[in-house]
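The residues making up each chain are set out below.
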Amino acid sequence: MEITLYSLPEAQCVRCRGASIALRNRKIDYDKVMINESPDALAFVKSLGYESAPVIVVRKDGEVVDHFGFVIDKIDGLKVAA
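In this text the structure is predicted, and so the values were computed from the model without any measurement.

Here we come to the pairing of strand 3 (residues 55–60). In terms of burial, strand 3 is a largely internal element, five of the six residues being buried. One ladder, built from five bridges, connects strand 1 (residues 2–7) with strand 3; its direction is antiparallel. Within strand 3, the residue paired with I3 across the bridge is V58. In terms of strand pairing, strand 3 meets strand 4 (residues 63–68) through five bridges, oriented antiparallel. Residue pairing in the sheet places R59 in a bridge with V64 of strand 4.

About the thresholds
- Residues numbered from 1 in each chain as written.
- Predicted model: local features only at pLDDT ≥ 70, side-chain atom pairs only at ≥ 80, totals over all residues.
- Heavy atoms only, no water.
- Buried < 20%, exposed > 50% of the residue type's maximum accessible area, 1.4 Å probe, protein only.
- Helix = DSSP H or I, 4+ residues; strand = E, 2+ residues; numbered from the N terminus.
- Pairing = 2+ DSSP bridges.

Below you can see the structure in the form of C-alpha cells.
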C-alpha cells in the first residue's frame, strides 16, 4: 500500500498540517506532493473531484484504491490496513 499526501504549504493550510501530523503520529509512511508546485499533481487532485487540500490517495500495485480529505477515521483505518 502506498500513501500520498497532496498538500499545500503547511504555513498556509491548517488542514494540510493536521494531515501530516496525523500520518506521522500514527507512523504511517507516506510521500508528500506539493500541489502548488506541480500542475500535474493539481490536475490529478482535481480529476478526483477535489477543490481543496489536503487529499490523501491510497494506491495498491500502482492503482488508486481510495482517496479522501483530512478525515481522522480514514487515517486511522490506514494504520489498521498497513
